[in-house]
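Geometric and topological summary
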Amino acid sequence: MLVLLLVILPVLFVFSTLFLNEKQAKNNALLGTVVTLGVGLYIFSQFKSNPASADFIFHTDWVQALGADFFLKVDGINIILVLLTVLLLPFIIQSTEGRTIKNPKAYFSLILLMQSALLGVFLAKDALLFYVFWELALLPIYLIALIWGGAGRQKITFKFFVYTLFGSLFMLLAIIFVWMHNPDRSFSMNAFYQVGAQLTAKEQLLVFIAFYLAFAIKIPIFPLHTWQPDTYVNAPTQGTMLLSGIMLKMGAFALIVWLIPVVPLGWQLASKYVITLSVISVVYGSLMALTQKDFKRMLAYSSLGHVGLIAAGIFSWNLQGVQGALYQMLSHGINVVALFYVCDIIFSKMKTDTMHQLGGIRNVSREFSVLFLIVLLGSIAMPLTNGFVGEFLLLHGIFQYNMMAALFGGLTVILGAVYMLRAYQAMMHGESNSLTQTFGEISKDEKMILAGFAVLVIFFGLFPNTILDVSEQPVKQLIDHVHSVTANSVQ
């Protein structure tokens, strides 16, 4: 029942918000995310000692006529994404402190609803239930970006909505196709693994392409990324945090558990093409980040490069690549949300994030510059930070697949260090100008939030086995399943 409680808790706090005034909405949402964090941490600690506990499974009939079940389960893979979701939401809610939010009851209710849907996506073990949660996660972020976004938000949000709906349509077709080939008419994940493996190579390739379109749009991967930069820049800060920190991980997570194990032969046939597209995302995103003048847009393109590397590691389909992808999803989520918060602090004080207009902020706010630097070091994969572990494993995994792919994939580390350090130098170092002399010290809340992010960057850099030990065995099982199917097809 604990797993069900995890999904329901945010919704319960949405209902309680209805009975509060607008000033209490934010504190109620914060309380909801903190309570959910407590449940999530308890589940994580208990799962490590007793992963077979019944508390981690909720399974009941749902749509009996279709063979669909309401099946949620914690495992060694999705627990990492669950941890990421419950860890980040209190930070995201608290990041609104000191900011003016119009209609806060609706704003925070949508964030809580999105948290519930995201947890549902990661925990679902039934394909139809996974699809429903996937779609439910889209609606809150669409409304957040549409109502609270910047100028031109209607056009930008419409493009984002059309892209994701387009991808979702192909995912639904793929799910129906596999389900139709199952004589038991079940949507369970295990049934999909068995039925998918029995499809012909051509059929598996078609299913692979349909699923890939949905997941690659969400991640996003080149050339399906064009909705991303404008949406990240235009959305309110909390919307950008949800998109970059958690929502894009839905696609990468789905590659691991809903794409490659369902159609192993499809992956075998398409792997060299999708890895190439992923590496192009790395190079393109990094080069575009280098050319940006505005900090927020630079972060948007840098995110494209980082997730391209995650996708390439997954498609390499070896232990290091998949483990690295899972770890980097956690690390990137923490780092990118922290960096967008840094951007929000700068913009709220300076009314601009154009880097050449800034400079010398370090002279007027030492603590801010130090905390910013710690998060930045995590982002550029400095040893002893969280980013190093994931990117090292990813490059190791990609290298085993193809040396040239690893060489180009490694550009994300080199170019990432160049554009991030250049941005830091432009904004923090040098002499303060008439604008940045007014920056002042950051508030106590801002200091606490950034310090919290800095602690996470260092903790996951020093203790990676806290996570890697949990996911190693289930990742091995998935890899063995895929390789056994592809080996049998050769024979």
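Residues numbered from 1 in each chain as written. Predicted model: local features only at pLDDT ≥ 70, side-chain atom pairs only at ≥ 80, totals over all residues. Heavy atoms only, no water.

A word on the overall build of the chain
- Looking only at helices and strands, one finds 20 helices and two strands in the chain.
- Taking 23 Å as the expected radius of gyration for a compact globule of 491 residues, we find that the chain reaches 22 Å, a close match to that expectation.
- The principal-axis extents of the C-alpha atoms in the chain amount to approximately 70 × 55 × 45 Å.
- The 491 residues of the chain split such that 62% are buried.
- At a minimum sequence separation of 6, the contacts of the chain that also span at least 24 residues come to 83%.
- Split by element, the accessible area of the chain, about 18300 Å² in all, is 66% carbon and sulfur. (Helix = DSSP H or I, 4+ residues; strand = E, 2+ residues; numbered from the N terminus. Rg over C-alpha atoms; globule rule 2.2 N^0.38 Å. Buried < 20%, exposed > 50% of the residue type's maximum accessible area, 1.4 Å probe, protein only. Contact = heavy atoms within 4.5 Å. Areas by Shrake-Rupley, 256 points an atom, 1.4 Å probe, with all protein chains shown as cover.)

Re the pattern of salt bridges
- Considering all chains together, one arrives at seven salt bridges under this definition.
- Ionic pairing is found between Asp344 and Arg99, a salt bridge with its closest N-O pair at 2.8 Å. A residue pair is termed long-range when its members are at least 10 positions apart, and Asp344 in helix H13 (residues 319-350) and Arg99 in the loop between helix H3 (78-94) and helix H4 (104-123) qualify at 245 residues.
- Note on Arg99: relative accessible area 21%, which makes it partly exposed.
- Arg99 is paired through a salt bridge with Glu446; the nearest N and O atoms lie 3.2 Å apart. You can see Arg99 sitting in the loop between H3 and H4 and its partner Glu446 sitting in helix H19 (residues 444-462), a full 347 residues away along the chain.
- Ionic contacts of the salt-bridge type, sharing partners, join the residues Arg99, Asp344 and Glu446 into one network. (Salt bridge = Lys/Arg side-chain N within 4 Å of Asp/Glu carboxyl O.)

Observations regarding the side chain of Ser331
- Considering the arrangement of structural elements, one finds Ser331 in helix H13.
- Overall, the relative accessible area of 1% leaves Ser331 in the buried class.
- Ignoring sequence-local partners within four residues, the contact set of Ser331 consists of Asn386 and Gly387.

Side note on helix H2 (residues 22-49)
- The end-to-end C-alpha distance of H2, which contains 28 residues, comes to 42 Å, matching closely the 40 Å that a straight helix rising 1.5 Å per residue would cover.
- Measuring from the side-chain oxygen of the N-cap residue of H2 to the backbone nitrogen of Gln24 gives 3.0 Å; that N-cap residue is Asn21. (Expected span 1.5 Å × (residues − 1). Polar contact = N/O pair within 3.5 Å; in protein donor to acceptor, adjacent residues only side chain to side chain.)

Remarks on the pairing of strand E1 (residues 57-63)
- Bridge analysis of E1 against strand E2 (residues 68-73) gives six bridges, and the strand direction is antiparallel. Across the sheet, residue Asp61 finds its bridge partner in E2, namely Asp69.
- Hairpin remark: E1 followed by E2, antiparallel, with four residues in the connecting loop; positive phi at Gly67, about 80 degrees. (Pairing = 2+ DSSP bridges.)

Digging into the packing of H13 against helix H16 (residues 386-401)
- Running from N to C, H13 and H16 cross one another at 150 degrees; their axes reach a closest spacing of 7 Å. Between H13 and H16, the interaxial angle falls into the category roughly antiparallel. In terms of crossing hand, the pair formed by H13 and H16 is left-handed. Contacts between H13 and H16 involve Gln320, Gly321, Gln323, Gly324, Ala325, Tyr327, Gln328, Ser331, Ile334 and Asn335 from the first element and Asn386, Gly387, Val389, Gly390, Glu391, Leu393, Leu394, His396, Gly397 and Gln400 from the second.
- Classifying every residue of the contact of H13 with H16 gives six nonpolar, 13 polar and one charged. (Axes fitted to C-alpha atoms, helices over the stretch in contact; angles between N-to-C directions. Parallel < 35°, antiparallel > 145°, perpendicular 65-115°, else oblique. Left-handed = near helix turned anticlockwise from the far one by under 90°. Nonpolar A, V, L, I, M, F, W, Y, C, P; charged D, E, K, R; others polar.)

A closer look at the packing of aromatic side chains
- Scanning the model with the defined rule gives 33 aromatic pairs in all.
- Here the aromatic rings of Phe58 and Phe70 are separated by 6.1 Å at their centres, their planes lie at 80 degrees, and the arrangement is edge-to-face. Placement of Phe58 in strand E1 and of Phe70 in strand E2 is noted, with a sequence separation of twelve residues between them.
- Centre to centre, the rings of Phe368 and Phe439 are 5.3 Å apart; their planes meet at 35 degrees, and the pair counts as tilted. Here Phe368, found in helix H15 (residues 366-379), pairs with Phe439, found in the loop between helix H18 (411-428) and H19; they are 71 residues apart in sequence, far enough to count as distant. Each member of the pair, Phe368 as well as Phe439, is classed as buried.
- Among the aromatic residues, those joined into a cluster by ring pairs are Phe130, Trp134, Trp179, Phe187, Phe192, Phe211, Phe215 and Trp258.
- The ring centre of Phe439 lies 5.3 Å from the NZ or CZ of Lys349, which sits over that ring. (Phe/Tyr/Trp six-rings, centres within 6.5 Å; stacked < 30°, edge-to-face > 60°. Lys NZ or Arg CZ within 6 Å of the ring centre and 35° of its normal.)

Description of the nonpolar core
- Formed by 186 residues in total, the largest nonpolar core has its most connected members in Phe215, Ile256, Phe295, Ile314, Phe315, Trp317 and Phe368.
- In terms of residues, this core owes the most to one element, H13, which gives 18 residues.
- Residues contacting Phe295, with those up to four places away along its chain left out, are Leu339, Val342, Cys343, Asp353, Met355, Phe372, Ala423 and Met427. (Core = buried A, V, L, I, M, F, W, Y, C linked by side-chain atoms within 4.5 Å.)

Examining H15
- Its 14 residues place the ends of H15 20 Å apart at the C-alpha level, agreeing with the 20 Å of an ideal helix rising 1.5 Å per residue.
- When we look at burial in H15, the residues that qualify are Phe368, Ser369, Leu371, Phe372, Val375, Leu376, Gly378 and Ser379.
- Against the buried residues of H15 lie helix H12 (295-316), H13, helix H14 (361-364), H16, H18 and H19.
- After H15 finishes, the residue Ala381 shows a positive phi value of roughly 65 degrees.

Description of a nonpolar patch on the surface
- Residues Leu384, Val455, Ile458, Phe459, Leu462 and Phe463 make up a contiguous nonpolar surface patch of about 550 Å² in total accessible area.
- Turning to its location among the elements, Leu462 is positioned in helix H19. (Patch = residues over 30% accessible without salt bridge, like charges linked within 9 Å, V, L, I, M, F, W, Y side chains within 5 Å.)

Quick notes on the environment of Phe295
- Residue placement: Phe295 occurs in helix H12.
- The exposure class assigned to Phe295 is buried, which follows from its relative accessible area of 1%.
- For the pair Phe295 and His429, spaced 134 residues apart in sequence, the C-alpha to C-alpha distance is 15 Å.

Focus on the packing of helix H5 (residues 127-148) against helix H6 (residues 153-180)
- Remark: H5 packs on H6, axes separated minimally by 10 Å, with the N-to-C direction vectors making an angle of 175 degrees. Compared by their axis directions, H5 and H6 come out roughly antiparallel. Between H5 and H6, the residues in contact are Ala127, Phe130, Tyr131, Trp134, Glu135, Leu138, Ile141, Tyr142, Ala145, Leu146 and Ile147 and Arg153, Gln154, Thr157, Phe160, Phe161, Thr164, Leu165, Ser168, Met171, Leu172 and Ile175, respectively.

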